[in-house]
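# Results of the structural survey
Residues per chain, in single letters:
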Amino acid sequence: MNMTDRNELAKLYGKRKEYLIGKQLPETERAKVEITPLALDDMELFNNSKEQTTAQQKEQTLLLLSKSLTVNIDDLRHVAVAYLEEIFDCVMDINNFKESDKIAKIKASLQKNE
């Protein structure tokens, strides 16, 4: 029986991508961030349920963003909501996700905590 070569499989791992955050800022003031595609185990972070409080939804969304940016979740607590939304859009892009009602609810959870 032939086995898949691990080196070949590694070619399929998600590759980090660089984005500029701060559309409304002059280009020299924009933040350059690297975003990592999410792994299958992280997909549950997109499942905000109706039973979750707004605070729980916000924490789950911040965790999703921190995993994508590979930063500490506390570092994100000081980022303006507008920039968190931009980062979220980049996470959607790198994972090839489309806008949906579920995604709109996740973004709304960010806005509720401005």
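Refer to the preceding data block for the structure.
Quick notes on the rules
- Residues numbered from 1 in each chain as written.
- Predicted model: local features only at pLDDT ≥ 70, side-chain atom pairs only at ≥ 80, totals over all residues.
- Heavy atoms only, no water.
- Helix = DSSP H or I, 4+ residues; strand = E, 2+ residues; numbered from the N terminus.
- Expected span 1.5 Å × (residues − 1).
- Buried < 20%, exposed > 50% of the residue type's maximum accessible area, 1.4 Å probe, protein only.
- Salt bridge = Lys/Arg side-chain N within 4 Å of Asp/Glu carboxyl O.

### Side note on helix α2 (residues 54–69)
Helix length check: α2, at 16 residues, gives a terminal C-alpha distance of 22 Å against a target of 22 Å (1.5 Å per residue), a fit within 8%. Buried within α2 are the following residues: Gln 57, Gln 60, Thr 61, Leu 62, Leu 64, Leu 65, Ser 66, Ser 68 and Leu 69. Note on α2: the residue one or two positions beyond its end, Thr 70, has a positive phi of about 50 degrees.

### Some thoughts on helix α4 (residues 81–94)
Helical geometry note: an α-helix holds 3.6 residues per turn, so side chains three or four residues apart project in the same direction. In this model, α4 (14 residues) spans 20 Å end to end at C-alpha, consistent with the 20 Å of a helix rising 1.5 Å per residue. Within α4, ten of the 14 residues are buried, leaving the element largely enclosed by the surrounding structure. Buried within α4 we find Val 81, Leu 84, Glu 85, Glu 86, Ile 87, Phe 88, Cys 90, Val 91, Met 92 and Ile 94. Two residues or fewer after α4 comes Asn 96, characterised by a positive phi angle close to 55 degrees.

### Thoughts on the pattern of salt bridges
In total, this model carries six salt bridges according to the counting rule given. For Glu 8, the salt bridge identified is with Lys 11, shortest N-O distance 3.0 Å. The exposure class of Lys 11 is exposed, given its relative accessible area of 56%. Residue Lys 67 is joined to Asp 42 by a salt bridge in which the shortest nitrogen-to-oxygen separation is 3.3 Å. Placement of the pair is Lys 67 in helix α2 and Asp 42 in the loop between β2 (31–35) and α2, with a sequence separation of 25 residues. The class of Lys 67 is partly exposed, set by a relative accessible area of 38%. Classification of Asp 42 by relative accessible area gives buried; the value is 15%. What you see here is one network of salt bridges that share partners, running through Glu 59, Asp 74 and Arg 77.

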